[in-house]
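Analysis of the macromolecular model
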Amino acid sequence: MIHQLECPVETIIHVLGGKWKPMILWHLIQSNKRFNDLEKLIPDVSQKMLSQHLRDLEREGIIDRRVYPTVPPKVEYSLSEYGKTLIPVAEVMCAWGENHNKRKYEESAS
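Here's what I pulled together on the structure shown here.

The rules we used
- Residues numbered from 1 in each chain as written.
- Predicted model: local features only at pLDDT ≥ 70, side-chain atom pairs only at ≥ 80, totals over all residues.
- Heavy atoms only, no water.
- Pairing = 2+ DSSP bridges.
- Helix = DSSP H or I, 4+ residues; strand = E, 2+ residues; numbered from the N terminus.
- Axes fitted to C-alpha atoms, helices over the stretch in contact; angles between N-to-C directions.
- Parallel < 35°, antiparallel > 145°, perpendicular 65-115°, else oblique.
- Left-handed = near helix turned anticlockwise from the far one by under 90°.
- Contact = heavy atoms within 4.5 Å.

**Re the sheet that holds strand β2 (residues 63-68)**
An order of β1-β3-β2 is seen for the three strands of this open sheet, with the pairing classed as antiparallel. On the outer flanks of this sheet lie β1 (33-34) and β2, each paired with one strand and no other. As defined by bridge partners, β2 adjoins strand β3 (residues 74-79) across six bridges and the pair is classed as antiparallel. Looking across to β3, one finds that Arg65 is bridged to Tyr77.

See the structure below:
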């Protein structure tokens, strides 16, 4: 049996799907972040969901997790080199979102 490749859109939804992964990606584009930083930037995400999404993104090779040998332990997340290839995708999504919000605002104002 020949394995069929997923539709490319299905692949990106699989990798970046969910409510929080695109937001995590967006914040890591800005700069490296610690877990607590991401919690503050995305206040509605639970610790469990944030941890799960970070592990998923790390497993997919999108982000790097660096543990510093300090007491208490310091863990920092950053985009991997491969993850940086998603920056243009995130920028296009952001531009589309801004245009969509503007359109909705204009429609509600008329």
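**A look at the packing of helix α2 (residues 21-30) against helix α5 (residues 87-109)**
Packing of α2 against α5 brings their axes to within 11 Å, and their N-to-C directions diverge by 110 degrees. By the criterion of interaxial angle, the relationship of α2 to α5 is roughly perpendicular. In the packing of α2 onto α5, the handedness of the crossing is left-handed. Contact with α2, carried on its side by Pro22, Leu25, Trp26 and Ile29, involves Ile87, Ala90, Glu91, Met93 and Cys94 of α5 and no other residues of that element.

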